[in-house]
Every structure is written in structure tokens, then in C-alpha cells.
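Letter by letter, the chains look like this.
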Amino acid sequence: MQRIEELLTSTIIRAAQELWQTELNESVIQIQKTRKEFNGDLTLVVFPLVRIAKKSPEETAAMLGKFLDENLEEISGFNVIKGFLNLTIAASYWLKQIGAIDEDDRYGLTTAGEDAPTVMVEYSSPNTNKPLHLGHVRNNLLGFSISKILEANGNKVIKVNLVNDRGIHICKSMIAWQLFGNGETPESSGKKGDQLVGEYYVKFDQEYKKQVAELIAEGKETKEAEAAAPIMAGAREMLLKWEADDPEVRKLWERMNGWVYDGFDKTYNRMGVSFDKIYYESETYKLGRQLVLKGVKKGFLEREADGSVWADLTDKKLDRKLLLRSDGTSVYMTQDVGTAHQRFSEYPIEQHIYVVGNEQNYHFQVLALVLEKLGFDWHDKLYHLSYGMVELPEGKMKSREGTVVDADELMDEMIATARQMSDELGKLGEYSEEEKQNIYRQIGLGALKYFILKVDPKKNMLFDPKESIDFNGNTGPFIQYTYARIRSVLRTAGEYDSGIPGVVLNDKEIDVIRLVHGFPAIVKEAAREHNPAVVANYMYDLAKEFNQFYHDHSILNADDANTRLFRIHLSAIVGRIIEKGMELLGIEVPERM
RNA sequence: GGUUCCGUAGCUCAGCUGGAUAGAGCAACAGCCUUCUAAGCUGUAGGUCGAAGGUUCGAAUCCUUCCGGAAUCACCA
């Protein structure tokens, strides 16, 4: 089925040939939705054509309107206001559209075939020294959703997680556990593994501060005291032992990381995100060094007298960037060069998306340039999906000041709020505790996910935990509610004939159909822009439009049998689009709520 | 100082590949449950789209400058 916009465009080009003997460039044809206050469905902006037609805007519009009306059965009428040609689309066209959508179980989306392009999406990428917090929540939701959206556009998506499991930070937790742990384990304490390890990370910091304060009291300078604190020295020693493959340290490291992974798995499961492959920095941190050395040999990079290696990016208006230390070891950038190279060798990657906070904008800018300097032709296939910070009313999250919002606690609170709201509204009285639990979970998480995903990723966003998250208005629960309502109608309707009868459509119905019709284009746009918020805000528009329709027109008690059938059918289709759209956001929809 | 991003209603956000009178939600006020779920619907009020120039028939949208805010610019990761 040809989309009406394409049909109009080709017909307008034909009209220009016949009326003005001109070959029109497609770019001058601007078709948009007609504004509410005017009659019509689609509007052609004729200003760009005025010069070609050599007529006034009104005359130009009238000529085109007449031509389209006569040549296209899909156009049932038109009117001209200034330079705007408002076209009314025939009901038969909308009915055909709705029929086509109904028959297509992919709703106009594509699925990945054998030769589909491969997209790798790296997201989450936590450190193993503390539990996931609000910032990770935004990261995980964005990464998962953009993966779904890319899949819906016919890409083969590989979701990967690069876990930062090595370095001084995990050694800090380890040494604190050795000193104060008394053998505590997740099993013995009943604590979640990541929470437990996180506690020792905090203990390290407290002890470290205490020792520094003591040393300063003894008369040492701040810097001197920081360097001399025994617990820090212990952590550094542990890191050296780790790098030297000391069996004791490695064993403890594996044990504590194992606890953390158990904890992370629980959180990921609950959040509903998943990965196809997990990379560990302990296995990849040496990558990249050889590539850099090769780059030096070829003269792409510079080696200083002390042995350190640098990339000179001053010609790109950036400064010089270190790639190898004077002792020959790698830095973060070097690892990223290495892991990217490894991944592009392993998979036929068309695009590699990194979901990473905007504090690393500079890093990814440099990464792409370094890869280009090293001569990799895939350097332009990296995309940094950069997202802004989640700010709290008090300002930024600071782990040291205890203002971090823990991901698990946040989900608990959201679900508890959903329960409270539900009870206040007197819903779900007759359901079993188990059913209720599941619905509260769906609503609570739906609220959280939607709240975060509806905001443009690149913007910083404000999150107020005290006021909790709204369950009214532009929210996940509102969309879920619309879905539950539709399901309820369908349950009441029972079996119905799924043919599309010929009916007279009212304005609201056309609005709903038009939105449904626009779904694939929205998903495509979301993929192009790497922005799930496009889908999220569309879902709200659709739900709102349907709610208005629901309020204004009876579905089951429609005036005649055909209208009733049609409305049931339309409701069912809206329900399926909501289901699909929310799936792209990683949000579940409840049958009732 | 360099680089990147943001600035739209009291608050949280849409709208940005230029189009008609800039939209939602929250908060405020006024209505609507004997009819398919009121987590809903309707209405009122609320705006110099940070500022000034420029391009254009037309600018919240594009360009320039400025103002305000954020991030980043380690032989850290």
C-alpha cells in the first residue's frame, strides 16, 4: 500500500509538468498534518511553488487542489487559505490503511533478515565496586530501548556490556573486606552481593579519611598524609599483586566480583534489560597496545624521549592525547582502541553505539580521531549515544555525601507507590495477591521507565524522588491504563468479525487512524535520531487521542452494528500498537489495572 | 581559555530536516461517574521560545555575537 504522502508527491510533480511544464524537485513539496483549527487532513505548503507557477499563492494552491481532487480518488476535497492547500483524504483511504495495518503483524516495521546489518550496542558498563544507581538506570533503559528500536528497523543488534572489573576501585573494596569483613558473605548476611561489596567500598573511604585526618593531626601535609595512609597503600599493593597474578588476591577478587555479578543480574532482570555478550576489562585491558606501537612505526603517532606515546590532534582543534605511559602501559583510550578493533574484527559491524554519559563526550570525540589517525576505515562507524546527567533537587548525586539513589531501592519505591495509588483508587479488589503483585510491578516500573525515556537523552534531567513519579498525565501508567481499558472493551465485546465494514468516519476516528498509520515512520525516526523519546512521546499522543475518542464515542453501544464493529476493531489495533510501542521502550502492559 | 551540550508557561517536558494563532502534564481554579475502567474527560488561567542582530515571503527552529548553566580538557578509569 502506497503511503498517501508519496502518492501526493508524485501527483504534484505530474501536476507541475502539466500545468506549468516544470520538473519539480521533491524537496520543495512540503506536506504536513493540517492544523486542528482548519478543515482537512493534510496540508501542502505552496509558497515554494509560487515562483515556479508565477501565480499568487492562492491561485497556485487552487490549481493544484483542483488537479489533485480530479486525479486522485484518495482526495475527497480541498480548501485554500493563503498559501496553504488543505486536502481532505477520503474515508475509504483510511479504512484501507487500517485494514493493511491489521493484516501486518509487524505493524509496518521490518525484522532482521539473514543479511541484515549488524549493530553493536554497548551499554550499562558498571564498575564492580558498588551497586547500580540512578545514572545507570538511565543508561540501561536507553541502551535496551535503542536496541529494540534498531531491531524493529531491521538491524541485527548485539547488546554488549563491558564490565569494569579491575583496577584500584575493586581493590579498595577488597582490602576493606579483609580488614573489617569477618568473613561476611551474601549468604551469611542475606545481603545482595553488589550491596555488600558497595558497603565495603564505603568503609574503605571512611577509614581512609580517618587515617588521613590522623596523619594531618600528627603534623603531616594533606598530600603527604593522603599518600601515607596505610589502607590506601594496602589497596595499591593489592593492585600490584593482582597484576602479578598473585593467587590469593586473584581468588578474593574472583569471589567478590562473583557476588557483585549475582547482584547485578538480579537488578538487570528486574529492570528487564539483558545482554548478548559480556566483556570484562580484566580480559581486554591489554588490548590496543600493539595497535598503538604499530601506529608509531608508521609515523601516525609520536613517541616522546621518555618513551610515552601521544596522538597529536591539534590540527583538529583538540590537544595532544596520551596513549601509552612512559612505562609502556596503556591508558583508558588505548583499551578502547583495542576493544573496538577486536569487535570490528569479530563481527561485520555496520554501526557501533556506545551508550555512555556526556561526561565522556571528549573521550569519544578523541577516540574516533585516533582511530582515523591509525588508519581504520571503520572509524566513522562509532556513535556515542550521549546522555545527560540525572540531577536531584539538591543537585548532583554524590556517593560520598550519601545522595546516591540506588537502583534497587528506587524500583522498590516505585512499586510501593503503585500499590498505594492502586489501593487508594480501590482498584484490583478481586484479584489474588500474586496477580496484584505483578500488576503493581508492571505499573511501578512502567512509571519509572517512561519518566526517564520520555526525555531527550542529551538533556540533563531532574528527578525528584520525594514527590515520586507522577501516575497521571504524560506518564507510563497513563498509557498502560489506556491499554488496560482497550483490553477490557475487547473482553466485553467477545468474538467479533474482524473485517473492516464501510462506515462513515468521524474526526476523532480519523485522528486515531492517522496516528496509528504514522507508527512505522516514528520508529524509523527514533532509530535515525538514536532517541527512544520519539517513541515515548508518540505513545502518549496515541493514548491521549484514544482516551478522548473513548470518552466522546461509545464503542460497544455505537449507533449501528457496522460502527460498533469498526470501533472494536480500531480499539484492538490501537491496543496492539501500544503493546508493540511499549515493547520498544521495554515497558510491559497490564491486561487490567 | 579550548571543545561539546543545554536555555520554551511557576515546575517537569514536547515541538527544532524553516510554515498558519508555540503544545502537553503537574500545580491553581470551575465542571463531568445510573452508560464500555474517573490512573480518565471538558473548560479557565498561565509565554517578550535566554538577549540582540542576520538570512527568508515566513524563524522557537538556520547563521553570527553576547548572556546564563552543565560537562570535559590527568602518565585516572
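Anyway, here's the lowdown on the structure attached to this text. The numbering scheme is per chain: residues are counted from 1 as the chain's sequence reads. Labels are handed out in written order, letters beginning with A for the chains and numbers beginning with 1 for the ligands. The predicted origin of the model limits local features to residues at a pLDDT of at least 70 and limits the giving and counting of side-chain atom pairs to 80 or more, whereas totals for whole chains, interfaces and linings rest on all residues. As a convention, hydrogens and water are excluded, and side-chain values are obtained from all of the structure's heavy atoms.

### Concerning the sheet that holds strand S4 (residues 84–89)
Item 1. Taking strand neighbours across the sheet as the criterion, the four strands line up as S1-S2-S4-S3 in an open arrangement whose pairing is antiparallel. If you trace the sheet from one side to the other, it starts and ends with strand S1 (30–33) and strand S3 (75–81), each paired once. The sheet shows a mean angle of 25 degrees between the axes of neighbouring strands, taken without regard to direction.
Item 2. Both strand S2 (residues 42–45) and S4 contribute to a ladder of four bridges, which runs antiparallel. At least two DSSP bridges between two strands are needed for those strands to be called paired. Secondary structure elements are taken from DSSP: a helix is a run of H or I of four residues or more, a strand is a run of E of two residues or more, and numbering for both begins at the N terminus. Fitted lines through C-alpha atoms give the axes, limited to the stretch in contact for helices. The angle between two N-to-C directions lies from 0 to 180 degrees.

### Observations concerning the layout of surface pockets
Item 1. Of the grid points, spaced at 1 Å and generated over the protein atoms alone, those admitting a 1.4 Å probe that cannot get out make up cavities, while open sets with protein on both sides within 12 Å along at least five of seven lines make up pockets; any residue with an atom within 4 Å of a point is treated as lining. Grid points are joined across faces, edges and corners, and a volume is the space filled by probe spheres set on the points. What the second largest pocket holds in volume is close to 850 Å³.
Item 2. In terms of residue count, helix H19 (residues 507–517) provides more of the lining of the second largest pocket than any other element does, seven residues in total.
Item 3. Of the residues contributing to the lining of the second largest pocket, the split by class is eleven nonpolar, seven polar and 13 charged. Gly counts as polar in this scheme, as do all residues outside two lists: the nonpolar Ala, Val, Leu, Ile, Met, Phe, Trp, Tyr, Cys and Pro, and the charged Asp, Glu, Lys and Arg.

### Comments concerning the pairing of strand S9 (residues 309–312)
Item 1. Where burial is concerned, the two faces of S9 differ: the one with Val309 and Ala311 is buried and the one with Trp310 and Asp312 is not.
Item 2. Bridge count for strand S8 (residues 302–303) against S9 is two bridges, and the pairing is antiparallel. Looking at S9, one finds that Arg303 is bridged to Val309.
Item 3. In textbook terms, the turn of a hairpin is the stretch between consecutive antiparallel strands, and for S8 and S9 this stretch comprises five residues, one of which, Gly307, has a positive phi near 100 degrees.
Item 4. Direction of pairing for S9 relative to strand S10 (residues 320–324): antiparallel, over a ladder of four bridges. Note on S10: the bridge partner recorded for Trp310 is Leu322. Only protein chains enter the calculation, and the probe is 1.4 Å; a residue is then buried if its accessible area is under 20% of its type maximum, exposed if over 50%, and partly exposed in between.

### Details of the side chain of Ser124
Item 1. Its location among the elements puts Ser124 in the loop between strand S5 (118–122) and helix H5 (134–152).
Item 2. What makes Ser124 buried here is its relative accessible area of 2%.
Item 3. Counted as a polar contact is a pair of N or O atoms within 3.5 Å, where, for protein atoms, one must be capable of donating a hydrogen and the other of accepting one, and residues adjacent in sequence contribute only when both atoms are in side chains. Side chain to side chain, Ser124 and Tyr268 meet in a polar contact 2.6 Å long.
Item 4. Those residues in contact with Ser124, other than ones at most four positions away along the chain, are His136, Asn139, Asn140, Asn161, Tyr268 and Phe275. A contact between two residues is defined here by any heavy atoms of the two lying within 4.5 Å.

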